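Coordinate inspection notes
One-letter residues, chain by chain:
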Amino acid sequence: MPFRFRSRLLLTASLLGFALLPSPADAAGSAPDPAPIKLIVNEQIVKTNTAPFLDNGTAYLPLRLSGELLGCLVSWDSPSKTFTLQYPKRTVKMTYGAAAATVNGQSVPLSGPLRMVDSQIYVPLRFLSEAVGSKIWWDAPSRSLHLKGNDEYIKRSIPNDRMWLSRDSGDLYLSKDESSPAALAGRVEADFQGTVSLEGNGFFLNGSVITVVDRYGADRSRYDVYSLLLHDGKIAVQTKAGYEGLMDHNASFTQIEGPDGLTSYTILTDGRTAAFYDEKALPAKTYDMAELAGKEDRYFLHGIGQDYMIVRPMSTGLLTLIDFKDHTVTVLADKLLSGKDLEDAYRIPSKGDGLVVAADMGAGQLDFFYDSSLDGKDGNYERLTYLRPSYEKERQSLPKPRTVDELAADCSSKTVKSVSMQDADTVYISLNGANPNDKASIATVCGILKKFAAKGVRETVAKVPDDQFFHGMTISFNQGDGTSLYAASGSKLVYGATGGKDSLVLNDSAAVKDFNALKVLPFMDISPHPIVIGQTVHLKGNNGGDEPSGDLIVCWTSLAVKSTNVNLTIFKGKLAFGSFDVRFAMPAYGTKPDGTKVKLEPGKGYFTMKAENGSRPYLVELLPPKSSS
């Protein structure tokens, strides 16, 4: 059967195939401990769903939790019943039932066996902490187990994070996934002074940006931001920006429309200039934000388009539009806010003005989210629109928006340009009027519009909270106009994207069912699985692209060998509106970007579909070719 990649599975004891053992106290027939054991990590009490226990003087804690507390990645290999913990310069392997573990390939006796208790595997914590350079001790009077992590590396406090930064040397280590060793990506050229934190998207593909923030000073109001651009798993470029007072972020990626279509850039800033880099991490263009804004300051870059830039000066905290078309500089709070909201924006520069870039809607329309600090609610966003004066003539020439009756009467696969759907950051496969395979689905969309025209009623529905993400469907027509729909509670569809008073509502459960059925995630089916070298592979799916045609590049990245075997091209084919349905013999060799042939090593690895809209890895297993005998 095809192997479809949709989501991660959490392993439970039943999946692991272990027989459950009684707790240590029950096994010994002794009385339970007089009081629960407190877990104290780096002098902070940590509350967990499963408490540690002592067995013959050995402290036990769930293995996965132990790894997370110590800053390790934890992976599980079912066939060998082996856990692997990855840490910079250390790989620890522990097999259930074994008396010893391996640390960097060397056998080390365990201070106690792995235990299965209440469907979880527990590990002797002292062994694991010492293996990664941490300290552990037991305080009998307070019945507390103390754990002091290794201070050498900084790691984000989220499970399965795959970045480590040495505070002393600046060495940055990355791991491709939970089962891969931490590889040195390079050195951050920094002299850290305060509290250091890491941010990144977790995928570490070419063009990814990792941000390191060092906050210091008596009130931690000063901070340095180091932006690191990755290419081929290494730090290719790094910049440093120094700020004070206002804590904000910088945009690190953009797509700009040009004569040849969209061009993608990675952006790094030093607080004054914004440098753009192409897909090979080579410099493409540089903007001097201070010169464009006409004021010496340190700037945060929030957005950029073909003919504009949106920045936030550190000294004022007020989001500012730099319009390249008419060479104007506009403080957006002056145009979008009024009354006490405007007074509040100017009162405390270090707070910012509450405005966040939402979207470029075209024809000079820029939308922003506004979170007022006066309503006492955090994250209560309102969507505001600014119409750039430089586009007034273009807007006057646009066709007048049509009514729902007019759109419904005109709706067909010949008149609909595209239909897109999303729920927050989940983006579904779009429909395209030029794609013959989408005719039936577009007919369903048109049927929903016709129901709105025939049966829609005016109601007051809850206003959609602007959480900086869109939830619903956008229908675009070839004429240049369109509309949006979204699902509300109670088997309702709402016309438009905001809700509120006098909204057009369709109370039709069948229409809601049709609406939800159109949500299809990008996917890939692989068969067979595992894959044998020399065997025919069938790949079928859709990567979410909407171009009529494009190149499909199938790559293989092995987890069994080092970085010399990354992104090897194994097949080239074609896409049609993001869809692919190809068969090819799994080759014994792949091709590196420089044309060099590299032998594929059996074991686990990734298939990657490279196309116009990027790539996404899928974990598979490669088996050696079958013997001719």
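Our structure is the block above this text.
None of the values given here were measured: they were computed from a predicted structure.

What follows is about the sheet that holds strand β28 (residues 308-313). Here we have four strands laid out as an open sheet, ordered β27-β28-β29-β30, and antiparallel in their pairing. The two strands at the open ends of the sheet, each matched to only one other strand, are β27 (299-304) and β30 (328-331). Strand after strand, the sheet turns through a mean of 25 degrees between neighbouring axes, direction not considered. Bridge count between strand β29 (residues 320-323) and β30: four bridges; the pairing is antiparallel. Paired with Ile322 across the strands is Val329, a residue of β30.

This brings us to the state of the cysteines. Per the counting criterion, the structure on display carries one disulfide. Note on cysteine connectivity: Cys411 is disulfide-linked to Cys446, with sulfurs 2.0 Å apart. Here Cys411 and Cys446 share a disulfide; its torsion about the S-S bond, -70 degrees, makes the bridge left-handed. Note that Cys411 is positioned in the loop between α9 (404-410) and β34 (416-423) and Cys446 in helix α10 (residues 439-455), a separation of 35 residues in sequence. For Cys446, a relative accessible area of 4% gives the class buried.

All right, on to α10 then. A rise of 1.5 Å per residue sets the reference length of α10, with its 17 residues, at 24 Å; its end C-alpha atoms lie 24 Å apart and thus fit the reference within 8%. Looking at α10, one finds that the buried residues are Ile442, Val445, Cys446, Ile448, Leu449 and Phe452. The arc that holds the buried residues of α10, viewed along the axis, is 150 degrees, so those residues lie on one side. Facing away from the buried side of α10 by over 90 degrees, the exposed positions are Ala440 and Ala454.

Applying the stated rule across the entire model yields 14 aromatic pairs. Seen from their ring centres, Phe53 and Tyr122 are 5.0 Å apart, and the 40 degrees between their planes marks the pair as tilted. Taken together, the positions of Phe53 in strand β4 (residues 53-55) and Tyr122 in strand β12 (residues 120-124) put the pair 69 residues apart, joining distant regions of the chain. Tyr122 matches Phe53 in its accessibility class, with the two residues each being buried.

Judged by pairing direction, the sheet is antiparallel, and its five strands sit side by side in the order β6-β7-β8-β9-β10 without closing on themselves. Edge positions in the sheet fall to β6 (73-77) and β10 (106-109), since each of these pairs with one other strand and no more. Each adjacent strand pair in this sheet contributes to an overall mean axis angle of 25 degrees, direction not counted. Pairing geometry for strand β8 (residues 90-95) and strand β9 (residues 100-103), over two bridges, is antiparallel. Residue pairing across strands places Lys93 opposite Thr102, the latter belonging to β9.

Along the chain, the position of Arg395 falls in helix α8 (residues 392-396). The class of Arg395 is buried, set by a relative accessible area of 16%. Look past the residues within four positions of Arg395 in its chain and what remains in contact with it is Ala363, Gly364, Leu387, Arg388 and Pro389.

Calculation notes
- Residues numbered from 1 in each chain as written.
- Predicted model: local features only at pLDDT ≥ 70, side-chain atom pairs only at ≥ 80, totals over all residues.
- Heavy atoms only, no water.
- Pairing = 2+ DSSP bridges.
- Helix = DSSP H or I, 4+ residues; strand = E, 2+ residues; numbered from the N terminus.
- Axes fitted to C-alpha atoms, helices over the stretch in contact; angles between N-to-C directions.
- Disulfide = S-S within 2.5 Å.
- Buried < 20%, exposed > 50% of the residue type's maximum accessible area, 1.4 Å probe, protein only.
- Expected span 1.5 Å × (residues − 1).
- Arc of directions from axis to C-beta.
- Phe/Tyr/Trp six-rings, centres within 6.5 Å; stacked < 30°, edge-to-face > 60°.
- Contact = heavy atoms within 4.5 Å.

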